[in-house]
Amino acid sequence: MLADFLLIHARHNRYPPDTAFPQIDVLSDGFKELCAIIAKHNAQSHFRLRLLHRHMTIPEGHILLGTSITEPCGYWTTLARIPDVDLQSVHRHIISVDTTSCASEGEKRNGPLLPSEFREGPASTRNIDSNFFTEVTDCLWANGLENTLGLEAIQGQAGKMIEFSFDTGSLLLIEAAVKADVTGQFTFQVTGWTITIENGAVKHTGEIQCVKLEDEHRPIPVPDEVTKALDIVKILRDQGILAMQGI
């Protein structure tokens with residue numbers, strides 16, 4: 001896993017910024033095929049589809065690491081120095097194909113899905129058949145989606161959530177924590193689709209939404225010196241964006 005850590009900045013920094021999300025047609029054959037692969041391998045409780053993007057540039061020697069918060073329920077993701085991270089206590093949260101080192105068709109098919117973001121806690125996906133990842137990789141390359149979609153580990157994160165980005169990190173919160181009457185102030189982009197099977201039919205639901213930036217301006221100004229999740233939550237509550245405590 002150490003090699004994954006050392007190269008994460010290069011992979012992540014090639015993603016489109018959150019001012020120019022890649023376009024994806026959820027009715028396209030490629031998107032539907034990916035959903036079917038997840039359902040076929042019964043991986044829908046482990047992974048959702050992820051629209052690849054970045055909120056910041058990762059400097060060399062760092063990774064993006066998400067940690068959970070409880071009030072409101074969600075996750076705070078920010079930079080962490082690699083020497084400060086316990087490799088045994090984190091898991092690969094977002095994975096995608098390696099578009100830089102795969103030249104031949106064989107390399108593309110056999111190339112691993114590599115991480116660009118980590119989250120605290122051990123992995124819960126070790127029992128998934130390795131053919132699942134091969135089929136996902138094949139599908140991404142075959143449909144020209146290698147720079148657009150990846151996989152996101154669910155790892156206990158279920159239900160609709162909204163992501164706010166700041167210069168120091170991103171805050172992912174359960175939708176119920178955000179006041180319904182203020183959501184109209186923002187423009188959203190769906191970035192995560194959960195897969196379900198209903199009466200034999202494969203369905204997808206946009207569960208993760210990210211607040212889009214306009215012309216690289218953060219819609220919610222936060223001072224650069226504010227780097228802790230709880231301090232940002234307080235600012236969002238003071239601005240009337242989040243409900244009061246208890247969610």
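What counts and how
- Residues numbered from 1 in each chain as written.
- Predicted model: local features only at pLDDT ≥ 70, side-chain atom pairs only at ≥ 80, totals over all residues.
- Heavy atoms only, no water.
- Phe/Tyr/Trp six-rings, centres within 6.5 Å; stacked < 30°, edge-to-face > 60°.
- Helix = DSSP H or I, 4+ residues; strand = E, 2+ residues; numbered from the N terminus.
- Buried < 20%, exposed > 50% of the residue type's maximum accessible area, 1.4 Å probe, protein only.
- Lys NZ or Arg CZ within 6 Å of the ring centre and 35° of its normal.
- Salt bridge = Lys/Arg side-chain N within 4 Å of Asp/Glu carboxyl O.
- Core = buried A, V, L, I, M, F, W, Y, C linked by side-chain atoms within 4.5 Å.
- Contact = heavy atoms within 4.5 Å.
- Axes fitted to C-alpha atoms, helices over the stretch in contact; angles between N-to-C directions.
- Parallel < 35°, antiparallel > 145°, perpendicular 65-115°, else oblique.
- Expected span 1.5 Å × (residues − 1).
- Pairing = 2+ DSSP bridges.

Draft legend 1. Expanded view of the packing of aromatic side chains. Evaluated as defined, the whole model comprises 6 aromatic pairs. Centre to centre, the rings of F164 and F186 are 6.0 Å apart; their planes meet at 80°, and the pair counts as edge-to-face. Separated by 22 residues along the polypeptide, F164 in strand β7 (residues 161–166) and F186 in the loop between β8 (169–174) and β9 (188–198) bring together distant segments of the chain. As far as burial versus exposure is concerned, F164 and F186 are alike and both buried. Taken together, a centroid distance of 6.3 Å and an interplanar angle of 75° make the contact between F186 and F188 edge-to-face. Taking relative accessible area as the criterion, F186 reaches 11% and is therefore assigned buried. Over the face of the ring belonging to Y75 we find R119, whose NZ or CZ atom lies 3.7 Å from the ring centre.

Draft legend 2. Just the pattern of salt bridges, in detail. Following the criterion strictly, the structure yields 6 salt bridges and no others. Two residues, R48 and E207, come together in a salt bridge whose shortest N-O distance is 3.2 Å. Taken as a pair, R48 in strand β1 (residues 47–51) and E207 in strand β10 (residues 201–211) lie far apart in primary sequence, 159 residues in all. Its salt-bridge partner being D84, residue R81 comes within 3.0 Å of it at the nearest N-O pair.

Draft legend 3. The arrangement of the nonpolar core in detail. L34, L49, F132, V136, L140, L149 and L151 are the most contacted members of the largest nonpolar core, which totals 27 residues. Contributions of two or more residues to this core are made by α2 (29–40), β1, β4 (90–97), α4 (130–142), β6 (149–153) and β9. What L49 contacts, discounting residues up to four positions off in sequence, is F31, L34, C35, I38, G150, L151, T191, G192 and W193. If you look at the next biggest cluster of nonpolar residues, it comprises 21 residues, including V211, A229, V233 and L242.

Draft legend 4. Quick peek at the packing of α2 against α4. At a minimum axis separation of 10 Å, α2 and α4 run at an interaxial angle of 180°. On the basis of their axis angle, the class for α2 and α4 is roughly antiparallel. Side by side, α2 and α4 meet where G30, E33, L34, I37, I38 and K40 of the first sit next to F132, E135, V136, C139 and L140 of the second.

Draft legend 5. How the structure looks around α4. In this model α4 runs 19 Å from its N-terminal to its C-terminal C-alpha over 13 residues, within 8% of the 18 Å that 1.5 Å per residue would give. Count one or two residues on from α4 and you reach G144, which has phi positive near 65°.

Draft legend 6. Structural view of the pairing of β8. Counting buried positions along β8 gives 5 out of 6 residues, so the element sits mostly inside the fold. Here strand β3 (residues 73–81) pairs with β8 via 4 bridges, running antiparallel. Within the sheet, the bridge partner assigned to W76 lies in β8 and is L171. Pairing between β7 and β8: 6 bridges, direction antiparallel. Residue S165 lies in a different strand from β8, and its bridge partner there is S170. Counted between consecutive antiparallel strands, the loop separating β7 from β8 contains 2 residues.

Draft legend 7. Here's a closer look at the sheet that holds β10. Strand order in the closed barrel formed by 10 strands is β1-β6-β4-β5-β2-β3-β8-β7-β10-β9, with mixed pairing between adjacent strands. Recorded for the sheet is a direction-independent mean angle of 25° between the axes of neighbouring strands. The sheet contact formed by strand β2 (residues 62–70) and β3 spans 9 bridges and is antiparallel. Residue I63 lies in a different strand from β3, and its bridge partner there is A80. Across the sheet, helix α5 (residues 229–238) is in contact with β2, β3, β7 and β8; its angle to β8 comes to roughly 65°.

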